[in-house]
Amino acid sequence: MALYSYISIFALICYIGLIVLVLKRGYREVLYRAMAIYLAAMAYWQLTSLFVSISRTPEQALFWYRMMTIGPGAVFIFFFSFVSAFRHDPRRKPMRQIGTLFSVYILMTGLFAGKFLVPGVERHASTGLYIPALGPLIPVYFIISLAFLAVAIYDLVKDYRGSRNEEHRSRIRYLLLAVLLVFIGGAANFDPHLRGYPIDIVTNLSHALLITYAIFRHRLLNIKLALKTGLLYSTLTITITALNLLLMFFLKTVFSEFAGYTTFGAVLIVAFLLAIFFNSLRERFQQGIDRLFWGKRYGYYQMMRDFAVASVSLISLNDLANKVTAMIQDTVQVSTVALFLQDPEQADYRIWSMRGPAPPDLKTVSFSKDSPLVRVLARKHSLPAREVHLLPQLHGLWKAEIESITVLHVENFFSLLFKDTLIGFLTVSSHVSGRPLSEQEKELLKFFANQVAVSINNALSFERMRRMSITDPLTGVFNRRYFNEAIEQEKERLEDGGSLGLIMLDVFNFKYYNDHYGHPAGDLLLKELARLLQESVRSGDIVVRYGGDEFAILLPGATLQTGHLVAERIREKVEQWNRRLGLKLFEEKLTVTMGVYAVGCRNLDDLVKLADKELYLARESEERRNLLRSLERLNKDRQKLSFEMVLGLARAVELRDPYTRGHSERVNRLAVKLGRVLGLQGPEIEKLGYAALLHDLGKIAVPRSILQKRGTLTATEMRLVQEHSVIGEEIVQAINLLHGTAPLIRHHHERYDGGGYPDGLKGKAIPLGARILAVTDSYDAMLSSRPYRSALTFDEAIGELRRHAGSQFDPEIVLAFTGLVESRADRAGQA
Amino acid sequence: METAGELLKQGRRRDIWTKYCGFLDLTLPEVMDIQRRLLLEQLQLLGSSAIGKEIMGGKTPQTVEEFRETVPLTKYKDYAHYLLEKDESVLPEMPYCWVRTSGRSGEYRFKWVPYTYRFWYRTGQYAIAALLIGSSRKKGEIVLELGDKVLFTLAPQPYMSGEIMVKAVLAHFPFEFLPPPEVAEKMDFFERIQLGLEMSMEKDLNIFYGLASLLVAVGKRFEEGTGRSSIKPLTLLVRPRALARIVKGLVKSRLQKRALLPRDLWQPKVMILGGMDSAIFRDQVEYYWGENTMEGYGFSEGGGMSYETWGRKGQAIIPDLNFMEFIPYKEYLKEKEDPAHKPRTLLLDELKPGEIYEVVITNFLGGTFIRYRVGDLIRITAMGDPEHNIDLPHLEFYSRADDVIDLAGFTRLTESSIWKAIANSGVPYTDWAARKEYRDDRPLLKLLLETPGQDAAEIREKIVQAMMNLDSDYRDMVEMLGGSLLELEILPPGAFQYYMEEMQRRGADLAHLKPPRINPSPEMIAILRRSD
């Protein structure tokens, strides 16, 4: 069999394989059906060509030539049908039907009037093949077929011009190239010199392979790139082929008698030998071509190199970000480029640097870390913007997010991934000219983004370390160090005028949370509060954990009025939190007290002091409010006076002095037990119990500074403290159900010898309940630490009581009390 | 945004599938994430609108949990004072169009529902998705072509079907409607169908969506030999394509030795069946028209809800048009007994296959309805279709919530189950209605049937038998109580036609020309009886 026969068989196998593939891909879809028909026409052409090549007699050759001449015409017509299916153009349907009828007509002509197609055959001198003579109908058929081809080309070119989609344009380029190949193959048959060679078969096979590739690969490489590289690479192949032919010629000349040297097997052996010989050259040759080809894109490499150099010296994140956007815009010549990085404070991705026309509300352009776009980018290196409207995973995008993409004219996203973590992304628009990015440019930007990610990550690490040094680890807000830095910075700013606001804030009664719910719960409360504060402040305000449960909020540019507005917002947020979550975590509401102040440049140094003073005042008034609330509650439910309600009132008082926390409850327990020992019963015991809880109620009027003073009290301070028993009496007198406790509260600081206050009563003139309270109150106070002394031991306290029996305390009561507590201590010791 | 039509022109078939049908590839956690995110966006919009503030009590929930805890369930009456007046100033986003829908007869003459552009566009997107899925045999296959012919059988604008299934669909894909919408809108229903079928003789018929009963009626006319009566043989001479179609169809039917059927003339790529009768008539539709049928479920207040997929395991739920909550049937019943009871709801990932739920929706994309009780009961058929790699819950329509007839606590009858029984009984009928009534404190099903048959006892027996075959609970009830609790009343011939004419005289809305099949009011029944 001749070489051409092998080519035909090979082509036929290819076509059959392609037809199967196409039908398997989607036989119900018009496009694939049209493709299959077109390939079938090609296969028919190859089959008849094969029969021509193996014909032994002129009659056989004539018959198959007549059959074969139908092929080119039908192929052009079915190519047209395929193009119109590819374009989904229903207007071409009538022309498609005419074409099909025309193909049938040609077939009939071939079968029944073949002499008009191929009148005869003659043997080719050099190849020995039969060569057909062309009949008068052939040019006519060819021209009609060409008309179909011309329409197909016209449609494709029109689509190409109208499309801005690079992939679609790429596919059209493939189709046009394929058409060119068919045309060359068909035209070659008209040249008597070329007619003897299977040029049409080779070009048609290439054509079919090319189209199939274009169809199956929806995301094609840039055709220009593929062609250029392909052509350059094929230079080597051409060289090898030329050498092959030379060698063949040499063999033919030298061994003219050598039988079968033109056989396929011989060619293969020669080609194999040459391939081995030139294989070592191939790699170096390709490298040279690559250098030549990519050299045109030297600018890109320059960009990479410049960035690599710059990123070593740039530690500042802002500088680095600006460098990246500038390099991309200058080198790739795109109209807009923006670099989004994760904001360490809000965890959102926001624009860190941008080149090109900026949208008016640039600051609002951001993507939260739970945005679907961020999640998709975390899994991909790049994303064409048009996929935003395609991918179902992005259906959760908000309208504002989609608008952000639109205002930035994004054509492509490039992820900045470092160890599978998305640290940011680049948005890149089309070229300044409006031309979309080429595949090559996209690939380069993807590669560049990887480099950028590494450098940005280094800068971020540096930034993070700096931030850690100024951040409170528990709450994540700034610490006091940063507060001082910020004040210094503000000083400079205030020199040009303006003002600075400060809110000092603390958790009312924070120690209570720690004591009752434990320190982890206290920490949780502080974290939640820090979060609420950050949500409440304006962007640019600085939230600081000042120490313990105290927070400071610096409000640059704020007046006192603005400060109050922010404080009000905080109050609302805290209220909302209480309603929504607070009471699920704690039985008590979260209450914050705030002091707000604002200053100009001159008295900046006093700002903290002044705001702190405001906080102090707020705290005082909150304490009073707290007490009033308890009193109101008591008055409201007059009929339902309960131990818990009175206890609540007592606790409200104790909040002012951490040293007396729980004191009232303990005195209550001791007094009730002692009262029972001394024979009190029923209402008397109840009255004693309530009085014990409320005996220090009047301390609400004593300033906290005095209550917590470490040193000796002045005479005035002492007088203020002593007034608490009278004030307490006055408060309980206002509550009907607590009337009976008033004398006990008033006299619980009287001394047995008459040296006490407020009335200097003596001995049994002091109400029994008040005498009991005097003993139990002193005993519990001695066992507790005070600002001015540490706690006494049990034995020391009992000793003190006994020492002052008869002078300060009623001796009978001291006797009864010591008996009571000692027996309990014994029992506890025995146990 | 590139539409399916544009993408197809560019040969981007994979992109078409991703954009329109990609939701089938979402995992349930991804769906829940989309639900959460779009709800949070919607809450922001609602929080700044008058209608949202009114319903949410002036507070904007910040989380899904808070939303479900604090916002009450609503019905149309909560919106009626604004929406019936088409007051756009109170809405969360400016509407693109207003869609009209019929309330249950007697409740409202009709209801107005605002559609934002985003909501309208995405509802149209899912209508295209339904056509793509219904016409394909596997994921990714696209057989729709530009200019495919659609038989116009739906109510025109401003009904949802006209607004979405015609206008929004056309915004995505250039189909050719037969007859064209501008012509169809001026015609009455029967004229429209007649002209559409005539045109499709010449042009072809690729797509149908509408009522299954209509396709069956057309199929029956063909079978009885009356289907071609409207085509004048002489006119075929000047309509060669119609002639060729008929010749081809006749050859096909003669070869199979049966009457000419629609499927001999047309091979629709997809027939989307909506409405209560889909399940009942589906087999007949496939006999007359071919097998490419699919079911869909939607409602005006929420656009599309679900579409059937290849596995026929029910309809896959659309994840991004509405935030979906479901009231378990037990909760629904508890509320019926005690109206003060606040039913709890479940989310998509908490549903259980086989259970019945009432649907509650909150529109996304700037829509208006918040925790809105649609009034429909659905049954979850599966939590996914592993065979086709679909992770979305699947449902089937069960009944209108108010249309469940509970018979002595034994069984629950729905419009669908009664209709199936009548159809399976073989009793010829024009139409029917049913109502729960009491005789001597005993509940029973009163069935009003327009039938040419006269022997009421025999007809009743056939229907009871069919119901027993369909519903084992009903069978148990008959056996235990020794009675069928079915009372049959044969309506005079033309009763339903008379009802329709009477309603037309009274100026009723298109959707109220027929009485509801379940629990029609005594006044409606009186009109049906008056027909003789």
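Draft legend 1. The overall build of chain A, seen in detail. Scanning chain A for helices and strands turns up 30 helices and twelve strands. Buried positions account for 49% of the 831 residues belonging to chain A. Of all intrachain contacts in chain A linking residues separated by at least 6 positions in sequence, the fraction that spans at least 24 positions is 65%. Accessible area of chain A: about 40200 Å², with a carbon and sulfur share of 59%.

Draft legend 2. Quick look at the overall build of chain B. Scanning chain B for helices and strands turns up 21 helices and 19 strands. Scored against the burial criterion, the 532 residues of chain B give a buried share of 60%. Intrachain contacts of chain B at a sequence separation of at least 6 include 66% that bridge at least 24 residues. Carbon and sulfur atoms form 52% of the exposed surface of chain B, whose accessible area is close to 21500 Å².

Draft legend 3. Looking closely at the sheet that holds strand β7 (residues 412-418) of chain A. All names here are of chain A. Strand order in this open sheet of six strands is β5-β4-β3-β8-β7-β6, and the pairing throughout is antiparallel. Two strands lie at the open edges of the sheet, namely β5 (366-367) and β6 (382-384), each paired on one side alone. Looking at chain direction, β6 and β7 are connected through three bridges and run antiparallel. In the strand pairing of β7, P384 is matched with N412. Along the sheet face, helix α12 (residues 317-332) touches β3 (337-342), β4 (349-355) and β8 (421-428) and points at about 55° away from the line of β4.

Draft legend 4. Structural context of the confidence of the model for chain B. Residue and element names in this part refer to chain B. Across chain B, the average pLDDT comes to 88, with 95% of residues at or above 70. The least confident element of chain B, judged by mean pLDDT, is helix α12 (residues 233-237) at 65; the most confident is strand β10 (residues 322-328) at 97. Both scores are available for the predicted complex, with the pTM at 0.64 and the ipTM at 0.80.

Draft legend 5. The interface of chain A and chain B, seen in detail. At the junction of the two partners, chain A supplies 37 residues and chain B supplies 44 residues. If you sort the residues of chain A by the area they bury against chain B, A:R28, A:H88 and A:W398 come out on top, with a joint share of 22%. At the boundary of chain A with chain B, the tally comes to six salt bridges. Run the count over chain A and chain B and you get nine residue pairs in polar contact (both at pLDDT 80 or more).

Draft legend 6. Quick peek at the nonpolar core. Among the nonpolar cores identified, the biggest contains 104 residues, and B:Y115, B:L132, B:F175, B:Y209, B:F326 and B:V359 are the most heavily contacted of them. Not counting residues within four places of it along the chain, the set of residues in contact with B:L132 comprises B:I16, B:W17, B:Y20, B:C21, B:E141, B:I142 and B:L144. If you look at the next biggest cluster of nonpolar residues, it comprises 56 residues, including A:I19, A:L62, A:Y65 and A:V179.

Draft legend 7. Structural view of a positive patch on the surface. A contiguous patch of positive charge on the surface is contributed by A:K24, A:R25, B:R14 and B:K138. Examined against the element boundaries, A:K24 turns out to sit in helix α1 (residues 3-26). According to the relative accessible area criterion, A:K24 is exposed, its value standing at 66%.

Draft legend 8. Here's a closer look at helix α29 (residues 794-803) of chain A. Residue and element names in this part refer to chain A. Those residues of α29 lying buried are A797, I798 and L801. Angularly, the buried residues of α29 cover 100° about the axis, an arc narrow enough to put them on a single face. Relative to its buried face, α29 has exposed residues pointing more than 90 degrees away, namely D795 and R803.

Draft legend 9. Up close: the side chain of A:T325. As for its placement among the helices and strands, A:T325 is situated in helix α12. The contacts of A:T325, once residues within four sequence positions are left out, are A:V337, A:A338, A:L339, A:S353, A:M354 and A:R355.

Draft legend 10. The arrangement of the sheet that holds strand β11 (residues 550-556) of chain A in detail. All names here are of chain A. The antiparallel open sheet is built from four strands, whose spatial order is β10-β11-β9-β12. Each end of this open sheet is capped by a strand with a single partner; those strands are β10 (542-547) and β12 (592-599). Strand-to-strand, the axes of this sheet are offset by a mean angle of 20°, without reference to chain direction. Pairing between strand β9 (residues 500-507) and β11: seven bridges, direction antiparallel. Within β11, the position partnered with L505 by the bridge is F551. Where helix α16 (residues 480-494) meets the sheet, it contacts β9, β10 and β11, and its direction lies at approximately 130° from that of β10.

Draft legend 11. The arrangement of the environment of A:N165 in detail. Checked against the element boundaries, A:N165 lands in the loop between α6 (137-162) and α7 (166-188). According to the relative accessible area criterion, A:N165 is buried, its value standing at 8%. Remark: the alpha-carbon pair of A:N165 and A:P436, spanning 271 residues in sequence, is separated by 8.0 Å. If we skip the residues at most four places from it in the chain, A:N165 touches A:R386, B:Q10 and B:R12.

Draft legend 12. Geometry of unusual backbone geometry. That bond from A:Y757 to A:P758 is cis: its omega, 10°, falls within 30 degrees of zero. Turning to its location among the elements, A:P758 is positioned in the loop between α27 (742-746) and α28 (768-783). Following B:L178, the chain continues into B:P179 via a peptide bond in cis, with omega recorded as -5°. Mapped onto the elements, B:P179 comes out in the loop between β4 (176-178) and α9 (181-184). A positive phi is found at A:H409, a non-glycine position, where the angle reads about 55°. Inspection of the secondary structure assignment puts A:H409 in the loop between α14 (399-407) and β7. In the Ramachandran plot, B:R371 falls in the positive-phi region, its phi being about 45° despite a non-glycine side chain. Position of B:R371 among the secondary structure elements: in the loop between β12 (356-363) and β13 (372-382). A relative accessible area of 5% places B:R371 in the buried class.

Draft legend 13. View of the pattern of salt bridges. Considering all chains together, one arrives at 68 salt bridges over all chains under this definition. Residues A:E528 and A:R531 are paired through a salt bridge, measuring 2.9 Å at the closest nitrogen-oxygen approach. Of this pair, A:E528 and A:R531 both sit in helix α18 (residues 519-536), separated by three residues, roughly a single helical turn. Salt bridges linked by common partners bring A:D370, A:R375, A:E401, B:D33, B:R36 and B:R37 together as one network.

Draft legend 14. Molecular detail of the packing of aromatic side chains. A complete count under the given rule lists 42 aromatic pairs over all chains for this structure. Measuring from ring centre to ring centre gives 5.6 Å for B:F281 and B:W419, while their planes differ by 90°; the resulting arrangement is edge-to-face. You can see B:F281 sitting in helix α15 (residues 278-289) and its partner B:W419 sitting in helix α17 (residues 415-425), a full 138 residues away along the chain. Through pairs of rings, three or more aromatic residues link up here, namely A:F340, A:Y349, A:F367, A:F413 and A:F425. For the cation-ring pair, A:R480 lies above A:Y546, with the distance from its terminal atom to the ring centre recorded as 4.0 Å. Above the plane of the ring of B:W112 lies B:K86, whose end atom (NZ or CZ) is 3.9 Å from the centre.

Draft legend 15. A look at the packing of α17(B) against helix α18 (residues 456-470) of chain B. All names here are of chain B. The contact between α17 and α18 brings their axes to 8 Å, and the two run at 120°. By the angle class used here, α17 and α18 are oblique. α17 and α18 meet at a crossing whose hand is right-handed. Along the contact surface, α17 presents S417, K420, A421, N424 and S425, while α18 presents K462, I463, A466, M467 and L470. Looking at the contact of α17 with α18 residue by residue, the class counts come to five nonpolar, three polar and two charged.

Draft legend 16. The arrangement of the packing of helix α20 (residues 495-505) of chain B against helix α21 (residues 522-530) of chain B in detail. Residues and elements named next belong to chain B. One can describe the packing of α20 onto α21 by two numbers: an axis separation of 8 Å at closest approach and a directional angle of 115°. The element α20 and its partner α21 pack so that their crossing is right-handed. Residues A495, F496, Y498, Y499, E502 and M503 of α20 lie in contact with α21, whose contacting residues are M524, I527, L528 and R530.

Draft legend 17. Structural context of the pairing of β4(A). Residue and element names in this part refer to chain A. When you tally the buried positions in β4, you get five out of seven residues, the bulk of the element. Sheet topology places β4 next to β5; two bridges connect them, and they run antiparallel. Within β5, the residue paired with R350 across the bridge is S366.

Draft legend 18. View of a nonpolar patch on the surface. On the surface, A:V104, A:L107, A:M108, A:L111 and A:F112 cluster together into a nonpolar patch covering about 470 Å² of accessible area. As for its position among the elements, A:V104 is in helix α5 (residues 93-112).

Conventions and cut-offs
- Residues numbered from 1 in each chain as written.
- Chains lettered and ligands numbered in written order.
- Predicted model: local features only at pLDDT ≥ 70, side-chain atom pairs only at ≥ 80, totals over all residues.
- Heavy atoms only, no water.
- Helix = DSSP H or I, 4+ residues; strand = E, 2+ residues; numbered from the N terminus.
- Buried < 20%, exposed > 50% of the residue type's maximum accessible area, 1.4 Å probe, protein only.
- Contact = heavy atoms within 4.5 Å.
- Areas by Shrake-Rupley, 256 points an atom, 1.4 Å probe, with all protein chains shown as cover.
- Pairing = 2+ DSSP bridges.
- Axes fitted to C-alpha atoms, helices over the stretch in contact; angles between N-to-C directions.
- pLDDT = per-residue confidence, 0-100.
- Buried area = accessible area lost by both parts, 1.4 Å probe.
- Salt bridge = Lys/Arg side-chain N within 4 Å of Asp/Glu carboxyl O.
- Polar contact = N/O pair within 3.5 Å; in protein donor to acceptor, adjacent residues only side chain to side chain.
- Core = buried A, V, L, I, M, F, W, Y, C linked by side-chain atoms within 4.5 Å.
- Patch = residues over 30% accessible without salt bridge, like charges linked within 9 Å, V, L, I, M, F, W, Y side chains within 5 Å.
- Lys, Arg positive; Asp, Glu negative; His and termini not counted.
- Charge placed at Lys NZ, Arg CZ, Asp CG, Glu CD.
- Arc of directions from axis to C-beta.
- Phe/Tyr/Trp six-rings, centres within 6.5 Å; stacked < 30°, edge-to-face > 60°.
- Lys NZ or Arg CZ within 6 Å of the ring centre and 35° of its normal.
- Parallel < 35°, antiparallel > 145°, perpendicular 65-115°, else oblique.
- Left-handed = near helix turned anticlockwise from the far one by under 90°.
- Nonpolar A, V, L, I, M, F, W, Y, C, P; charged D, E, K, R; others polar.

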